[in-house]
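The residues making up each chain are set out below.
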Amino acid sequence: MEKFVIRGGNPLQGDVNIGGAKNAAVAILPATILAADKCLIENLPCISDVMASLQILSELGASIRMVSRSTYEIDTTHIISTEVSNELSRQMRASYYFLGALLGRFGAGQVAMPGGCNLGPRPIDQHLKAFAALGAEDSVEYGQIHVKAGSLTGSHVFFDTVSVGATMNAMLAAVLAKGTTVLENVAREPHIVDLANFLNMMGADVRGAGTDVIKIHGVQKLHGCDYSVIPDQIEAGSYMVGAAITKGDVTLHNVIPKHMEPITAKLRAAGCEIWEYDDALRIRRTGELCALKIKTMPHPGFPTDMQPLMTTLLSLAKGTSIVTEGIWENRFRYVDELIHMGANIRVDGQVAVIEGVQELHPAPLRATDLRAGAAMVMAALAANGVSEIDETIHIERGYENIVEKLQQLGADIRRVEIPAHAASRAM
Ligand code: EPZ
């Protein structure tokens, strides 16, 4: 086990390269199954969720060749198994995308109930509703979800709730189904559009991604292609908060400024200066931070995955901020850690009321989940003195080389191995 040791107080300054989007990559990798061919996927982030997805593909029978740290060639021609092993599917939430992809190609799939961050109940009823509409049956036995279908036929699905996962899974299952599928009330996140672009590059006919209706004309066969994953909106947003909270000046490269708009709008309102270029953004904060009202919503609203980071930033803003979590039931668990650092935050259900304080103090901290962990890193960078963050495994699931990238920006941060006996005492 590892922990991060951070001596806060240095402003983040300089340039940072943003990696490929985790939440696009974890859907695009299973989607390669549908090609039954060779795909070259570029701009994959080097994070544990991507490594787990590659390992699942390999266990199912795909051949994987690493071309560079961020590029892999994946040949899914000879996949033989439709069952994802327990251990790997429980490692990450996104293992559910293997259900849609395996169902689409083989008419059957099995994964264990997926793991991932604990943000409250994470049902998959909408995924199963879409599979059922296409003609599949599902069953859950001993924690395993099985789906199977004689054949899949295009259908009309109106989702009861806007779900990123259900939208992507329905797309995966529908591209090879007979006839036309219409998906309504779908998610519109940049990674939905990215998956649709990738499927279309493989020969699928997916239209409307990025709006709330997606129409898919099933095709008989897909083929391999070369594809580059979009940059990670949330990784970029996290470094923007890092610059803002440390009174820094950072230029982010390999970003799509359009995807950042819900985040840049709020950071500007909080008092940051932001310059947008073709595929870069610069953020600088010199003055005081202003209090804000934020409610997280599906895209193009303010992303829930930025909520812990913005709440952390607003804990240092002048006045009273209100942050309402509109997606997940339990995404304020990290607030206790900020309170240990001297923040003044009250949480009532889905609403956090934040009275800005002058400074945060160093403290022993815990990464309660991926984005909360990133928020703790940014809080520690802002606090004068040494903080230690435990359970960093959550952070490494979604942020490639976070320690090295922050060091390059001038942060005093180290990854420290916790000896096994000390780690077991801490748990
Ligand atoms: C994706 O999760 C992301 N994960 C999450 O990011 C992100 O927070 C979330 O979308 C919302 O943007 C991945 O892409 C791997 P949802 P997902 O289905 O797909 C309810 C991160 O930090 N719902 O859009 O699981 C659900 O309970 C992670 O990178 C149902 O009721 O989220 C929630 O309230 C954390 N039934 C809402 O919809 C369903 O069948 C949105 O969930 C599915 C979802």
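Residues numbered from 1 in each chain as written. Predicted model: local features only at pLDDT ≥ 70, side-chain atom pairs only at ≥ 80, totals over all residues. Heavy atoms only, no water.

### Focus: the side chain of Lys22
Operational definition: Segments assigned H or I by DSSP are reported as helices when at least four residues long, segments assigned E as strands when at least two residues long, and all are numbered from the N terminus. Under the scheme applied here, a residue whose accessible area is under 20% of the maximum for its type counts as buried, over 50% as exposed, and between as partly exposed, the area being computed with a 1.4 Å probe on protein chains only. Contacts described as polar in this section are N or O atom pairs within 3.5 Å, which, within protein, must combine one atom able to donate a hydrogen with one able to accept it, while residues neighboring in sequence count only if both atoms come from side chains. We call two residues contacting when some pair of their heavy atoms lies within 4.5 Å.
With respect to the helices and strands, the residue Lys22 is situated in helix H1 (residues 22–31). Classification of Lys22 by relative accessible area gives buried; the value is 8%. In terms of polar contacts, Lys22 uses its side chain to reach the side chain of Asn23, at 2.8 Å. Other than its neighbours up to four places away in sequence, Lys22 contacts Pro45, Ile47, Asp49, Asp232, Leu370, Arg371, Arg397 and Gly398.

### Re the pattern of salt bridges
How we decide: Any carboxyl oxygen of Asp or Glu that lies within 4 Å of a side-chain nitrogen of Lys or Arg is treated as forming a salt bridge with it.
Considering all chains together, one arrives at 17 salt bridges under this definition. Arg207 is the salt-bridge partner of Asp205, the closest N and O atoms lying 2.8 Å from each other. A salt bridge links Glu391 to Arg366, with the shortest nitrogen-to-oxygen separation between them at 3.6 Å. Here Glu391 is found in the loop between strand E22 (385–390) and helix H13 (393–396), whereas its partner Arg366 is found in strand E21 (residues 364–366), with 25 residues between them in sequence. Judged by its relative accessible area of 27%, Glu391 is partly exposed. Judged by relative accessible area, Arg366 falls into the partly exposed class, the value being 38%. Salt bridges sharing common partners tie together Glu2, Glu396, Glu404 and Arg415.

### Re the packing of helix H8 (residues 233–245) against helix H12 (residues 370–382)
For the record, the criterion: As a rule, the C-alpha atoms of each element are fitted with a line to give its axis, helices using only the stretch in contact, and angles between N-to-C directions run from 0 to 180 degrees. By the definition adopted for this analysis, an angle is roughly parallel if under 35 degrees, roughly antiparallel if over 145, roughly perpendicular if from 65 to 115, and oblique otherwise. Each crossing gets its handedness from the near helix: less than a right angle anticlockwise from the far helix is left-handed, clockwise is right-handed. Residue type decides the class: Asp, Glu, Lys and Arg count as charged, Ala, Val, Leu, Ile, Met, Phe, Trp, Tyr, Cys and Pro as nonpolar, and the leftover types, Gly among them, as polar.
For the pair H8 and H12, the least separation of the axes is 9 Å and the interaxial angle reads 20°. Relative to H12, H8 is oriented roughly parallel. The element H8 and its partner H12 pack so that their crossing is right-handed. Counted together, Ile234, Ser238, Val241, Gly242 and Ile245 of H8 and Arg371, Met378, Ala379 and Ala382 of H12 form the full contact between these two elements. Class assignment for the residues of the contact of H8 with H12 results in 6 nonpolar, 2 polar and 1 charged.

### Considerations on the sheet that holds strand E17 (residues 293–295)
Hydrogen bonds along the backbone pair up the strands of a sheet, which may run parallel or antiparallel. Spelled out, the test is: A pair of strands is considered paired only if DSSP assigns at least 2 bridges between the two.
Strand order in the open sheet formed by 4 strands is E17-E18-E20-E19, and the pairing between neighbours is mixed. Edge positions in the sheet fall to E17 and strand E19 (344–348), since each of these pairs with one other strand and no more. The sheet shows a mean angle of 15° between the axes of neighbouring strands, direction not considered. With 5 bridges joining them, strand E18 (residues 320–324) and strand E20 (residues 351–355) adopt antiparallel strand pairing. Paired with Thr324 across the bridge in E20 is Val351. Helix H10 (residues 307–314) rests against E17, E18, E19 and E20 of the sheet, and its axis sits at about 170° to E18.

### Examining the site of the ligand
Condition: Residue proximity to a molecule or strand is established when one non-hydrogen atom of the residue lies within 4 Å of it. For every accessible area listed, the method is Shrake-Rupley and the probe measures 1.4 Å; residues are considered covered only by the protein chains on display. Buriedness for pockets is judged along seven lines, at least five of which must meet protein on both sides within 12 Å for an open set on the 1 Å grid over protein atoms alone, while cavities are sets there where a 1.4 Å probe fits but cannot get out, and lining residues have an atom within 4 Å of a point. What decides whether a molecule sits in a cavity or pocket is whether more than half of its atoms lie within 2 Å of the grid points.
What surrounds the ligand is a group of 25 residues, the closest being Gln126, Ser163, Val164, Asp305 and Ile327. Between an oxygen atom of the ligand and a side-chain N or O atom of Ser163, the distance comes to 2.6 Å. Taking Trp328, its side chain carries an N or O atom lying 3.0 Å from an oxygen atom of the ligand. Contact with the protein chains covers 89% of the free accessible surface of the ligand, which is 830 Å². According to the grid-proximity analysis, the pocket containing the ligand is the largest pocket. Only H1, helix H5 (125–133), helix H6 (164–174) and H12 provide two or more residues apiece to the shell around the ligand. Residue composition of the shell around the ligand, by class: 11 nonpolar, 7 polar and 7 charged.

### Focus: helix H7 (residues 190–201)
Short version of the rule: A helix is expected to span 1.5 Å for every residue after the first.
For H7, with 12 residues, the first-to-last C-alpha span of 17 Å sits near the 16 Å given by 1.5 Å per residue. Here H7 has its buried residues at Pro190, His191, Ile192, Asp194, Leu195, Ala196, Phe198 and Leu199. Against H1, strand E3 (38–42), H6, strand E11 (205–207), strand E12 (213–217) and strand E13 (226–228) lie the buried residues of H7. Once H7 ends, the next one or two residues include Gly203, with phi positive near 105°.

### Quick word on the environment of Lys221
Tracing the backbone through its elements, the reader meets Lys221 in the loop between E12 and E13. Judged by its relative accessible area of 63%, Lys221 falls in the exposed class. Sequence separation of Lys221 and Leu34 is 187 residues, and the distance between their C-alpha atoms is 8.3 Å.

### Points about the packing of aromatic side chains
Which entries qualify depends on this criterion: Stacked, tilted and edge-to-face are the three classes applied to pairs of Phe, Tyr and Trp rings, where Trp contributes its six-membered ring and a pair requires centres within 6.5 Å; stacked means planes under 30 degrees apart, edge-to-face means over 60, and tilted covers the rest. Two conditions define a charge located above a ring, namely a distance within 6 Å from the ring centre to NZ of Lys or CZ of Arg, and an angle within 35 degrees of the ring normal.
In this structure the tally under the stated criterion is 3 aromatic pairs. Seen in terms of ring centroids, Tyr96 and Tyr97 are 4.8 Å apart; in terms of plane orientation they differ by 85°. Their pairing is edge-to-face. Each member of the pair, Tyr96 as well as Tyr97, carries the same accessibility label: buried. Both rings, one in Phe332 and one in Tyr334, keep their centres 6.4 Å apart while their planes meet at 40°; by these two values the pair is tilted. For Phe332, a relative accessible area of 9% puts it in the buried group. For Tyr334, a relative accessible area of 1% gives the class buried. One cation-aromatic arrangement involves Arg282 over Trp275; the distance from NZ or CZ to the ring centre is 4.4 Å.

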